[in-house]
Amino acid sequence: PLEHAAFTMAGEPRNVADLARFRTEVAAGMSASIFAAVFIVLLNKALFTTYGFTFPVTLTGWHMVFTSATLWTACKLKVIEYKKMPLRANFY
């Protein structure tokens, strides 16, 4: 229920502890994202230079499949919330 939510309908934190927790979670998420991006770049470089992998499109496909599977799993475990996007967006 809404009365137990950490934030009000206006998006304001209910108290200072909730705001601190939210900021910590955002910082952790951003740090994890940066770490993962750097790790993937280094892994790709190692695959291409050290191991002689010569199929960049296949590698991109693997990345897309892994990302999709990870996001699907996160949705099922309720780590993130699935949100529908309209098929046609008005960009004006």
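In what follows, the structure referred to is the one given above.
Values in this document were obtained by computation on a predicted structure and should not be read as measured data.

Here is what the cut-offs are and how they apply
Residues numbered from 1 in each chain as written. Predicted model: local features only at pLDDT ≥ 70, side-chain atom pairs only at ≥ 80, totals over all residues. Heavy atoms only, no water. Helix = DSSP H or I, 4+ residues; strand = E, 2+ residues; numbered from the N terminus. Patch = residues over 30% accessible without salt bridge, like charges linked within 9 Å, V, L, I, M, F, W, Y side chains within 5 Å. Areas by Shrake-Rupley, 256 points an atom, 1.4 Å probe, with all protein chains shown as cover. Salt bridge = Lys/Arg side-chain N within 4 Å of Asp/Glu carboxyl O. Buried < 20%, exposed > 50% of the residue type's maximum accessible area, 1.4 Å probe, protein only. Phe/Tyr/Trp six-rings, centres within 6.5 Å; stacked < 30°, edge-to-face > 60°.

## Concerning unusual backbone geometry
Next up, step 1: Positive phi, close to 60°, is recorded for Lys 78, a residue that is not glycine.
Next up, step 2: Structurally, Lys 78 can be placed in the segment after helix 2 (56–76).

## A word on a nonpolar patch on the surface
Next up, step 1: Taken together, the side chains of Phe 35, Phe 39, Ile 40 and Leu 43 define a hydrophobic patch exposed on the protein surface, amounting to about 410 Å² of accessible area.
Next up, step 2: Looking at where Ile 40 falls in the secondary structure, it is placed in helix 1 (residues 16–49).

## Quick notes on the pattern of salt bridges
Next up, step 1: Overall, the coordinates contain 1 salt bridge when judged by the stated rule.
Next up, step 2: Glu 25 is the partner of Arg 21 in a salt bridge, and the nearest nitrogen-oxygen pair spans 3.2 Å. Taken together, the residues span about one helical turn, with Arg 21 and Glu 25 both in helix 1 at a distance of 4 residues.
Next up, step 3: The class of Arg 21 is exposed, set by a relative accessible area of 56%.

## Thoughts on the packing of aromatic side chains
Next up, step 1: Enumeration over the complete set of coordinates arrives at 4 aromatic pairs.
Next up, step 2: On the numbers, 6.3 Å between centres and 50° between planes, the contact of Phe 48 with Phe 53 is tilted.
Next up, step 3: Look at Phe 53 and you get buried, because its relative accessible area is 18%.
Next up, step 4: With a centroid separation of 5.6 Å and 40° between ring planes, the pair formed by Phe 53 and Trp 62 is classed as tilted.
Next up, step 5: You can call Trp 62 exposed: its relative accessible area is 52%.
Next up, step 6: Through pairs of rings, three or more aromatic residues link up here, namely Phe 48, Phe 53, Phe 55 and Trp 62.

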